[in-house]
Amino acid sequence: MNNGVLDSNNLNGGQKLAVKYFSVAVILFVAQILFGLVTALQYIIPELFFEVLDFSVARTVHINALVIWLLFGFMGAVYWLLEDEAGVETVGLKLGNLAFWVFTLAVTIVVLVYLFVQVGPGDDTTRWLINEGREYIEAPRWADIGIVICILVFFYNAAATFMKGSWSGISGVLILDLVALAGLYLAGMFYTTNISVDQFWWWWVIHLWVEATWEVLVGCIMAWGLIKLLGVRRQIVTTWLYIEVALMFGSGILGLGHHYFWIGTPEYWFTIGGFFSALEPIPLVAMVVHALYDSGVHKFKAANHPAMAWLIAHTFGNFFGAGVFGFMHTLPQINLYTHGTQWSASHGHLSFFGAYATIVIAVFYIAVQQWRGGVWMSGDLPGNGWKWKWSLALLNIGVLGMTMAMLVAGYEQSFIERAIEGSTWSGYFAAQMHPWFIQGMNWRMVFGIVTAAGTVLLVWDLLTIGKGEKRTRQEVS
Amino acid sequence: MITKWWASEEVWRKIAVWVTAGMLLVLMGLTFDTIPKISVGSERVPAYSIINQRIDYVFDEKRNFQVPVFGGEQPLFGKMLSEEEAEALVTWGKKITQGRNCINCHTLLGNGAYFAPDLTKAWLDPNWVDSDLREGLMINFLMDPPNNSMNSSGRKMPNMDISEEEAKAIIAFLKWMSSIDTNGFPYNFKPVEQEG
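Asks: Help me get a handle on the overall build of chain A, residues and values and all.
Replies: Of the regular secondary structure elements, chain A holds 16 helices and zero strands. The globule rule puts the C-alpha radius of gyration for 477 residues at 23 Å, and the 22 Å found for chain A is close to it. Oriented by its inertia axes, the alpha-carbon framework of chain A measures out at about 65 × 45 × 45 Å. A buried classification covers 60% of the 477 residues belonging to chain A.

Asks: Could you give me a rundown of the overall build of chain B, with the residues and numbers involved?
Replies: Tallying secondary structure elements over chain B gives four helices and four strands in all. What you see in chain B, going N to C, is helices and strands ordered as α-β-β-α-β-β-α-α. In terms of overall size, chain B is more extended than a compact globule, its C-alpha atoms giving a radius of gyration of 22 Å where 196 residues would be expected to give roughly 16 Å. Across its three principal directions, the C-alpha atoms of chain B cover 80 × 40 × 35 Å. Relative to its 196 residues, chain B shows a buried fraction of 43%.

Asks: Let's hear about the nonpolar core: which residues, and what values?
Replies: Soluble globular proteins tend to pack their nonpolar side chains together in the buried interior. Tyr 21, Ala 25, Cys 220, Ala 223 and Val 363 of chain A are the most contacted members of the largest nonpolar core, which has 210 residues in total. Ranked by residue count, the leading element in this core is helix α7 (residues 195-230) of chain A, at 24 residues.

Asks: Hey, could you go over the domain arrangement of chain A for me, with residue numbers and the actual values?
Replies: All names here are of chain A. According to the domain assignment, chain A contains domain 1 (7-166), domain 2 (190-297) and domain 3 (320-477). Computed over C-alpha atoms, the centres of domain 2 and domain 3 are 19 Å apart. The interface is formed by 21 residues belonging to domain 2 together with 18 residues belonging to domain 3. Elements that contribute at least two residues to the side of domain 2 that touches domain 3 include exactly α7, α9 (268-279) and α10 (281-297). Here the element with the most residues in the side of domain 2 that touches domain 3 is α7; it accounts for nine residues. Split into classes, the residues belonging to the side of domain 2 that touches domain 3 amount to 13 nonpolar, five polar and three charged.

Asks: So, the packing of α7 of chain A against α10 of chain A: which residues are in play, and what are the values?
Replies: All names here are of chain A. Two elements in contact, α7 and α10, have axes whose closest approach is 11 Å; the angle formed by their N-to-C orientations is 10 degrees. Classified by the interaxial angle, the pair formed by α7 and α10 is roughly parallel. Contact residues: Met 222, Leu 226 and Leu 230 in α7; Met 287, Ala 291, Asp 294 and Ser 295 in α10.

Asks: Run through the interface of chain A and chain B, naming residues and quoting values.
Replies: Of the residues lining the interface, 64 residues belong to chain A; the matching set on chain B comes to 69 residues. Where the side of chain A that touches chain B is concerned, the elements lending two or more residues are α2 (55-86), α4 (124-129), α7, α8 (234-255), α12 (332-338), α13 (342-371), α14 (386-420) and α15 (425-432) of chain A. In terms of residue count, the dominant contributor to the side of chain A that touches chain B is α8 of chain A (eleven residues). A per-class count over the side of chain A that touches chain B returns 28 nonpolar, 26 polar and ten charged.

Asks: How would you sum up the environment of Asp 144 of chain B? Please name residues and give values.
Replies: Residues and elements named next belong to chain B. Inspection of the secondary structure puts Asp 144 in the loop between α3 (134-143) and α4 (164-177). Overall, the presence of 15 C-beta atoms within 10 Å leaves Asp 144 in the partly exposed class. C-alpha of Asp 144 to C-alpha of Thr 182: the two residues are 38 residues apart in sequence and 30 Å apart in space.

Asks: Outline the confidence of the model for chain B, supporting the account with residue identities and numerical values.
Replies: Of the residues in chain B, 98% have a pLDDT of 70 or more, and the chain-wide mean is 95. With a pTM of 0.96, the predicted complex shows an ipTM of 0.97.

Asks: How would you summarise helix α5 (residues 141-164) of chain A if you had to cite specific residues and measurements?
Replies: Residue and element names in this part refer to chain A. With 24 residues, α5 should reach 34 Å at 1.5 Å per residue; the first-to-last C-alpha distance of 34 Å fits that figure. Residues Ala 143, Gly 146, Ile 147, Cys 150, Phe 154, Asn 157, Ala 158, Thr 161 and Phe 162 constitute the buried set of α5. Where α5 is buried, its residues meet α2, α3 (93-116) and α6 (169-185).

Asks: Give me the lowdown on α3 of chain A, citing residues and values where you can.
Replies: Residue and element names in this part refer to chain A. Helix length check: α3 (24 residues) gives 34 Å between terminal C-alpha atoms against 34 Å at 1.5 Å per residue, within 8%. All buried positions along α3 are accounted for by Gly 96, Ala 99, Phe 100, Phe 103, Ala 106, Val 107, Val 110 and Tyr 114. Check the buried side of α3 and you find it contacts α1 (13-44), α2 and α5. At the C-terminal side of α3, Gln 118 shows a positive phi close to 65 degrees.

Asks: So what's going on with the environment of Ser 295 of chain A? Which residues, and what values?
Replies: Residue and element names in this part refer to chain A. Within the secondary structure, Ser 295 is located in helix α10. Since 20 C-beta atoms lie within 10 Å of it, Ser 295 is described here as buried. Taking the C-alpha atoms as reference, Ser 295 lies 9.1 Å from Ile 312; in sequence the two are 17 residues apart. When near neighbours in sequence (up to four residues on either side) are disregarded, Ser 295 contacts Leu 230, Phe 300 and Ile 312.

Asks: An account of unusual backbone geometry is requested, with residue identities and associated values reported.
Replies: Outside of glycine, negative phi angles account for most residues, and trans bonds account for most peptide bonds. Following Phe 185 of chain B, the chain continues into Pro 186 of chain B via a peptide bond in cis, with omega recorded as -5 degrees. Counting through the fold element by element, Pro 186 of chain B comes out in the segment after α4. Phi angles above zero are rare outside glycine, and Glu 51 of chain A is one such case at about 60 degrees. Within the secondary structure, Glu 51 of chain A sits in the loop between α1 and α2. One non-glycine residue, Ser 423 of chain A, adopts positive backbone phi at about 60 degrees. You can see Ser 423 of chain A is positioned in the loop between α14 and α15.

Asks: Tell me what's going on with the pairing of strand β2 (residues 65-73) of chain B, and back it up with residues and numbers.
Replies: All names here are of chain B. As judged from the seven bridges shared by strand β1 (residues 53-60) and β2, these two strands associate in the antiparallel manner. Residue pairing across strands places Val 58 opposite Val 67, the latter belonging to β2. Between β1 and β2, which pair antiparallel and follow one another directly, the connecting turn spans four residues, one of which, Asn 64, has a positive phi of 65 degrees.

Asks: Describe the environment of Gln 15 of chain A, listing the residues and the values that go with them.
Replies: All names here are of chain A. Residue position: Gln 15 is located in helix α1. A tally of 23 C-beta atoms within 10 Å means that Gln 15 is categorised as buried. Between the C-alpha atom of Gln 15 and that of Glu 83, which follows or precedes it by 68 residues, the distance is 8.3 Å. Not counting the four nearest positions on each side in its chain, Gln 15 is found in contact with Tyr 79, Trp 80 and Gln 370.

Asks: Kindly report on the packing of helix α2 (residues 83-99) of chain B against α4 of chain B, identifying the contributing residues and their values.
Replies: Residue and element names in this part refer to chain B. Running from amino to carboxyl end, α2 crosses α4 at an angle of 100 degrees, the nearest separation of the two axes being 7 Å. One finds that α2 runs roughly perpendicular with respect to α4. On the side of α2, the interface is formed by Leu 89, Val 90, Trp 92, Gly 93, Lys 94, Ile 96 and Thr 97, while α4 contributes Glu 166, Ala 169, Ile 170, Ala 172, Phe 173 and Trp 176. Counted by class, the contact of α2 with α4 contains nine nonpolar, two polar and two charged residues.

What counts, and at which threshold
- Residues numbered from 1 in each chain as written.
- Chains lettered and ligands numbered in written order.
- Predicted model: local features only at pLDDT ≥ 70, side-chain atom pairs only at ≥ 80, totals over all residues.
- Helix = DSSP H or I, 4+ residues; strand = E, 2+ residues; numbered from the N terminus.
- Rg over C-alpha atoms; globule rule 2.2 N^0.38 Å.
- Buried ≥ 20, exposed ≤ 12 C-beta atoms within 10 Å, placed from the backbone.
- Core = buried A, V, L, I, M, F, W, Y, C linked by C-beta atoms within 7 Å.
- Domains from an automatic or database assignment.
- Contact = placed C-beta atoms within 7 Å.
- Nonpolar A, V, L, I, M, F, W, Y, C, P; charged D, E, K, R; others polar.
- Axes fitted to C-alpha atoms, helices over the stretch in contact; angles between N-to-C directions.
- Parallel < 35°, antiparallel > 145°, perpendicular 65-115°, else oblique.
- pLDDT = per-residue confidence, 0-100.
- Expected span 1.5 Å × (residues − 1).
- Pairing = 2+ DSSP bridges.

Quick look at the structure:
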């Protein structure tokens, strides 16, 4: 043990690999924020980087960096808890390491091609080598295949380690969830000219990832986190995890229907999508109750205060961002007017941040704590822990502010472009030029800068927290 | 302490498994029902050769929203196409829209980015003045968007190096997409003036 210094001797095999994933995740997080700032600014100064780095290019990088940094964060989190949970060393670690480098190289090439090649002709070569042109899964086909192979290696590492060691409720749910996660990606890997069928399966990847399998994956991380940080009894968190899986899949799988209102699919999806997606917030409320109740029972005595704070931010962010902001426009009666407006962007920002960014950041803090030798990270940190507290505040205020600004713009768009003007091109621009929309975009920019400031502080804190700390971590029982 | 049945780990594990399996089964059943209903040539998603016909978007009293309505012949660029030719042209058009990453500024069927107008009913947009001028205006716009900008917001579509043939293919795809029955999305749309 080497206290207070970043030393890989403090980590087990799986954790050594995990911190590599986390490092790339942090870099991509910063990239996401930078390209987000560019797109936000292009709403205000449309000629910015015109025909050099157009909105479409910057946004592609913005949303792809988001997906990949979260995925890297999740994969790192699983490698992180693997040996601890299974009780044996990671199986096939060398292969896992190789997959990490292949994955990272592939991501780098894909991003460079997005930035410097950008577009291609309307043939199959473009889709295989440059850009598939489908939102969130723009990665060209060669990269899709690479991603699937890397995910299979990751799955092998996890499943084989649990099989060699011991299974638990958490690992059982986790492994089944990873099977679904990997399998669903395949639903996005084909071409069809029929755009209705195209979007039907596209939503299997997008919705069933973010509103089902990712939610259950973070449920597993949360369950493990509560045991580690608070010392909650395993039986309690496992039971909660099962309840959450039942509620999450019970509502989220058919909640897919809320994407099938307007893409050509039959009208019965109004009822199915509306009903089940209205139920989707329930498991998220359950998580808030669960985490806060456990924290209260343990008198908020936690082994890692920044991580615990981010876990609590996760439960609220997940509930408000995914739950409340999702529900607000999920019924077809309102979605007819809000679908494809800034309203969706508003929900998207708060939910991705609240549900996923928060919990991955919590795991980053758990990782640096161990990386520095399992040092003290509870109260009484140098400078009263101002860096983690301020970055927590700035990031949450920043994202919440952007969400509200875009919501105002979205309201205005729904009324003016959609309800009154009838969604024509001139109606679209009438709404885009309305003062309420412009104000919304300006405030989004302001809060985007707040978010960026929070990100800078977060990175600084992750690099320095626990440096030179001699006390060992707070014991929890 | 005796655990009540409703707080039992075992009970909830079983519920989780059964609920998940049950929902997946229902989803699979619905998928089998939906896919044929949205296949090309179905009532909701017409065959590609619909681009030979007049397409409109008219309020339907019974369903209480606008639906696509098909009229007589209105061949695209004055040329009637066979089913195969139409499919080839629409396919090329869609591949171009993917290759040029259109969806990261525009929305198609409402999905995509919000920096530029929705393209679901672009073929029917009143911006194209009337059905006589429409095709020419669309080709001009696609081939040189910055110099044919149609709004005063300052936002322009970049030049995407689209040739005339490519523009025609994109327009074929847009015309076909406007024929899809989208359950009244977009609402209250005001289609272009068309003859016939």
